Amino acid sequence: MPTVSVKRDLLFQALGKTYTDEEFDELCFEFGLELDEITTEREQISREQGDCKASGASEVVLYKIDVPANRYDLLCLEGLARGLQVFKDKMEAPRYRRVSPASGEPQRLLVTSETAAVRPHAVAAVLRDITFTQERYDSFIELQEKLHQNVCRKRTLVAIGTHDLDTVCGPFTYTAKLPADIHFRPLNQTQEFTAVELMSLYKTDSHLRHYLHIIEDKPAYPVIYDSNGVVLSMPPIINGDHSKISLKTKNVFVECTATDLTKAKIVLDMMVTMFSEYCAEPFTVEGAEVVSPDGSTYMYPELAYRTETLSSEFINRKVGINESTERIAGLLTKMCLRSQPTGAGDQIQVEIPPTRSDVIHACDIMEDAAMAYGFNNIPRTTPGTYTVANQYPLNKLTELLRQDLAAAGFTEALNFALCSQEDITDKLRKKLFETRAAHIANPKTAEFQVARTTLLPGLLKTIAANRKMPLPLKLFEISDVVLKDETKDVGARNSRRLCAVFYHRSPGFEVIHGLLDRAMQLLEVAPARGTGYHIQAADDSTFFPGRCAEVFVCGVSVGRLGVLHPDVIQRFELTMPCSALEMDLEPFLGCHSEVLLTHDVPLQEVLHHRFVEVPVPASTRTVFGDLGTAAGLRALNEFLAPRSYIEGFLASSADTEVLGAIPADCPPPPALCHALRWYRHARSLGAGCGLPTARRRYVLEAE
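What this report covers is the structure whose coordinates are included nearby. Not measured: the values here are computed from a predicted model. (Residues numbered from 1 in each chain as written. Predicted model: local features only at pLDDT ≥ 70, side-chain atom pairs only at ≥ 80, totals over all residues. Heavy atoms only, no water.)

Quick look at the overall build of the protein
Along the backbone of the protein there are 20 helices and 30 strands. Taken over the C-alpha trace, the protein has a radius of gyration of 34 Å; the compact-globule value for 703 residues is 27 Å, which it surpasses by more than 25%. C-alpha atoms of the protein, sized along the principal axes, occupy 95 × 75 × 55 Å. Across the 703 residues that make up the protein, the buried fraction comes to 48%. Look at the contacts in the protein between residues 6 or more apart in sequence, and 69% of them connect residues 24 or more apart. Of the roughly 34000 Å² of accessible surface on the protein, 51% is carried by carbon and sulfur atoms. Charge centroids of the protein, computed over 74 positive and 92 negative side chains, lie 3 Å from each other. (Helix = DSSP H or I, 4+ residues; strand = E, 2+ residues; numbered from the N terminus. Rg over C-alpha atoms; globule rule 2.2 N^0.38 Å. Buried < 20%, exposed > 50% of the residue type's maximum accessible area, 1.4 Å probe, protein only. Contact = heavy atoms within 4.5 Å. Areas by Shrake-Rupley, 256 points an atom, 1.4 Å probe, with all protein chains shown as cover. Lys, Arg positive; Asp, Glu negative; His and termini not counted. Charge placed at Lys NZ, Arg CZ, Asp CG, Glu CD.)

Notes on the packing of helix H6 (residues 134–149) against helix H8 (residues 261–275)
Between H6 and H8, whose axes approach to 11 Å, the crossing angle comes to 165°. Here H6 is positioned roughly antiparallel relative to H8, judged by the angle of their axes. Every pair of crossing elements has a handedness; the one defined by H6 and H8 is right-handed. Only Val-267, Met-270, Met-271, Met-274 and Phe-275 of H8 make contact with H6, whose side of the interface consists of Arg-136, Ser-139, Phe-140, Leu-143, Gln-144 and Leu-147. (Axes fitted to C-alpha atoms, helices over the stretch in contact; angles between N-to-C directions. Parallel < 35°, antiparallel > 145°, perpendicular 65-115°, else oblique. Left-handed = near helix turned anticlockwise from the far one by under 90°.)

Some words on the pairing of strand E26 (residues 543–553)
In terms of strand pairing, strand E25 (residues 533–537) meets E26 through five bridges, oriented antiparallel. Bridge assignment links Tyr-533 to a residue of E26, and that residue is Val-553. Across seven bridges, the pairing between E26 and strand E27 (residues 556–564) is antiparallel. Looking across to E27, one finds that Cys-548 is bridged to Gly-562. The turn joining E26 and E27, which pair antiparallel and follow one another in sequence, is formed by two residues; a positive phi near 55° is taken by Cys-554. (Pairing = 2+ DSSP bridges.)

Observations concerning the packing of aromatic side chains
What the rule picks out here adds up to 16 aromatic pairs. On the numbers, 6.1 Å between centres and 85° between planes, the contact of Phe-132 with Tyr-137 is edge-to-face. Judged by its relative accessible area of 7%, Phe-132 falls in the buried class. Consider the rings of Phe-624 and Phe-639, whose centres lie 4.8 Å apart with planes at 50°: the pair is tilted. Here the residue Phe-624 occupies a position in the loop between strand E29 (621–622) and strand E30 (625–626), and Phe-639 occupies one in helix H18 (residues 630–640), the gap between them amounting to 15 residues. One aromatic cluster is present, formed by Phe-132, Tyr-137, Phe-140, Phe-275 and Tyr-278 through successive ring pairs. (Phe/Tyr/Trp six-rings, centres within 6.5 Å; stacked < 30°, edge-to-face > 60°.)

Re the environment of Arg-493
Within the fold, Arg-493 resides in strand E24 (residues 492–503). Sequence spacing of Arg-493 and Val-482 is 11 residues, and the spatial spacing of their C-alpha atoms is 5.7 Å. If near-sequence neighbours (up to four positions away) are discounted, Arg-493 is found in contact with Arg-436, Val-481, Val-482, Leu-483, Asp-485 and Lys-488. Of the polar contacts made by the side chain of Arg-493, one reaches the side chain of Asp-485; its length is 3.1 Å. (Polar contact = N/O pair within 3.5 Å; in protein donor to acceptor, adjacent residues only side chain to side chain.)

Describing the environment of Val-450
If you trace the backbone, Val-450 turns up in strand E22 (residues 450–451). Separated by 426 residues in the primary sequence, Val-450 and Phe-24 have C-alpha atoms spaced 41 Å apart. Beyond its immediate chain neighbours, meaning those up to four positions away, Val-450 contacts Ala-417, Leu-418, Cys-419, Ser-420, Gln-421, Ile-424, Ala-437, Ala-438, His-439 and Ile-440.

Topic: empty space enclosed by the protein
Over the atoms rolls a probe the size of a water molecule, and in doing so it shows where empty space is left. Tallying each qualifying case throughout the model produces three cavities of 30 Å³ or more. The volume enclosed by the largest cavity comes to roughly 120 Å³. Looking at the largest cavity, it is lined by 13 residues, and the ones nearest its centre are Asp-73, Arg-82, Tyr-96, Cys-336 and Thr-355. The greatest single-element share of the lining of the largest cavity, amounting to three residues, is contributed by helix H5 (residues 77–87). (1 Å grid on protein atoms, 1.4 Å probe; cavity = no way out; pocket = protein on both sides within 12 Å on 5 of 7 lines; lining within 4 Å. Points joined across faces, edges and corners; volume = space filled by probe spheres on them.)

Some details on the nonpolar core
Here is a general trend for soluble globular proteins: nonpolar side chains tend to be buried in one another's company. Among the nonpolar cores identified, the biggest contains 93 residues, and Leu-11, Phe-24, Ile-65, Leu-127, Leu-147 and Ile-315 are the most heavily contacted of them. Here this core gets nine residues from one element, more than from any other, and that element is H8. Leaving out residues up to four positions away in the same chain, Ile-315 has contacts with Leu-310, Gly-320, Ile-328, Leu-332, Met-366 and Ala-369. Among the nonpolar cores identified, the runner-up in size contains 29 residues, and Leu-516, Leu-523, Val-553 and Phe-588 belong to it. (Core = buried A, V, L, I, M, F, W, Y, C linked by side-chain atoms within 4.5 Å.)

Let's talk about the packing of helix H10 (residues 325–334) against helix H11 (residues 362–373)
Where H10 meets H11, the closest approach of the two axes is 8 Å, and the angle between their N-to-C directions is 90°. One element, H10, and the other, H11, form an angle in the roughly perpendicular class. Contacts between H10 and H11 involve Arg-327, Leu-331, Leu-332 and Lys-334 from the first element and Ile-365, Asp-368, Ala-369, Ala-372 and Tyr-373 from the second. Each residue belonging to the contact of H10 with H11 can be placed in one class, and the counts come to six nonpolar, no polar and three charged. (Nonpolar A, V, L, I, M, F, W, Y, C, P; charged D, E, K, R; others polar.)

Quick notes on the sheet that holds strand E3 (residues 61–66)
Strand order in the open sheet made by the three strands is E1-E3-E2, with antiparallel pairing throughout. The open sheet has two free edges, formed respectively by strand E1 (3–7) and strand E2 (34–40), since each of these has just one partner strand. Here the average twist between neighbouring strands, direction ignored, is 25°. Alignment of E2 against E3, held across six bridges, turns out to be antiparallel. Residue pairing for E3: Leu-35 is matched across the bridge by Ile-65. Packing of helix H2 (residues 21–30) onto the sheet brings it into contact with E2 and E3, and relative to E2 it is tilted by some 145°.

Digging into the environment of Glu-477
Looking at the secondary structure, you find Glu-477 in strand E23 (residues 473–484). Given a relative accessible area of 0%, Glu-477 falls into the buried group. Sequence separation between Glu-477 and Phe-193 is 284 residues; the distance between their C-alpha atoms is 55 Å. Setting aside chain neighbours within four positions, we find Glu-477 in contact with Ala-413, Leu-414, Asn-415, Arg-452, Leu-455, Leu-459, Arg-497, Leu-498 and Cys-499. Separated by 3.2 Å, the side chains of Glu-477 and Arg-452 make a polar contact. Among the polar contacts listed, one links the side chain of Glu-477 to the side chain of Ser-479, at a separation of 3.1 Å.

Focus on the sheet that holds E27
The seven strands are arranged E20-E23-E24-E28-E27-E26-E25 in an open sheet whose pairing can be described as mixed. For this open sheet the edge positions go to strand E20 (411–412) and E25, each flanked by a neighbour on one side alone. Taken strand by strand, helix H12 (residues 393–407) contacts E20, E23 and E24, and its axis lies near 160° from that of E23. Sheet strands in contact with helix H15 (residues 456–465) are E23, E24, E27 and strand E28 (578–584), and its direction is about 35° off that of E24.

Considerations on the pattern of salt bridges
Enumeration over the complete set of coordinates arrives at 31 salt bridges. Between Arg-71 and Asp-73 there is a salt bridge, with the nearest N and O atoms lying 2.9 Å from each other. A relative accessible area of 7% means that Arg-71 is categorised as buried. A salt bridge links Asp-404 to Arg-518; the shortest N-O distance between them is 3.6 Å. With Asp-404 in helix H12 and Arg-518 in helix H16 (residues 509–522), this residue pair connects regions lying 114 residues apart in the sequence. Taking relative accessible area as the criterion, Arg-518 reaches 33% and is therefore assigned partly exposed. (Salt bridge = Lys/Arg side-chain N within 4 Å of Asp/Glu carboxyl O.)

Written as structure tokens, this is what we have:
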């Protein structure tokens, strides 16, 4: 979640009321925000950089507020104060309008075809007769940076440029040129540079160097000129110094260049709506005309309002409340969604403003209604349906194997699911294309660049960190790896793996081989070629030549084991031989992966677990009626509606007794959901050995 820092006194001034810290914290919670921290600039610098750097820093109190990632309208003081005032009924949600310029001719931005290869889209608008103070100016710049880091995805999708319109002359041209042909004086510099020189200059800049990769490999760089050839900006890197805005700026030209037109429209709407309140005519924005390469023209900003219609019954049902249509319309209006009953039944017409791009469908509107109602005010209710959970079979198998591998003398390790690209490639003597790794788009550190495709690097790094421990070191891990898979809707899948390593003065291949045999014994897979498991020699660059074997189960490869290559040992900063085993566990479940397992199933029964066969009952007469008839099953269904088991929430011998009265060929039909749910679970209890004795008899003697 983005964190917005606002000065407390300025925020209270905008809200028209002073709160205590506790009161404001409660207000934030009611509005769906979180007051994360109360600090000062001095305290913040002192904590991050030391007391010597904090001398002279401001003692003004700062509120750090966590904002939902999709609420771009709350990323600055102006939007935050506006939203809270509407929420507290201090003001109505403003209506934003696009107006024509007094001169009659809008500013024009001409987009050339050369931009198609770099950043093909552009939008623009003008904030006319705006008045800046130092606080407003700082908030204006900070909002740009927040949007760049959030919806703009560090300027890869959208880059924002703001310019003093009085220092340049339209129409403006957005084009792309060779880097050597672009000359201008960038922001806060005293001399002109070419684009090539700028890329070199900013490679050491702590702020701008993170954006150079976006265009540095492109044959042409995007650039915006005015009609006199003055460079406004070279997006997404830097603006020109000539058109920089200041406290004296009265007219601001806002342009956004992008690879995603939808995101560009959202960003432009946010920039102009948040600060249009400081214009001479509040909440109005002067439109600009964008001419595309094919000659078609578009007016921006769109400031589009749209309406959605939904029923109060839908909101009441989803939230768990019982409010009138008028009351729900009022709740939505408090969240800046102007709403009113349509008069047709319980239908509500909701108007979604351009600042609420997060509202995509009905559930988003329902969520706002719940927030306005107050989550703490929603009455607690008991669920109408009771279900019984069972452990996921793959996790059950994992837990059982962990216990037995630990009993075999191996110590379990648990490592990060992310690792560096080097860990799964160079250190294992692999090529990147062999790994099928899912890469992190914006890694914060070189240690977490990809999702791991093997468990081996994590265990080797664990050994490296514990080299001083007594030998031998015997470690194992059973966890997921992530592999690219085009057949999946997300393009990747998880795979549960078992990995074990043996680190000692001698390789210890026989120890790892013995662990494999023990694991197969526990999984009840016999050592046989074709129908069981076997190993055969294999070549793998990670392992020492001639000391690697592939594991086959029923003719399918499930893993490898062997002695690690000396280069691998050295690259993980180890000094002694090491043997390793890694194999996939999911094939061992096969078609049984959907079988429900109970808490007391021993490992040897995992592959052969079956529901017990229910014999023909001696009597179908019970206290619920004859369970061989539809009427008896309906009565049982009604009885079980508020219960998990026959005698409440714990299984007992009453469940197996009543189960025995139901003919095997006459289970409860799907329409009797409570009885069917109980029936399926009762069958998994087996013979009921060890269950508590029933408090009474439920099955009657046959007539």
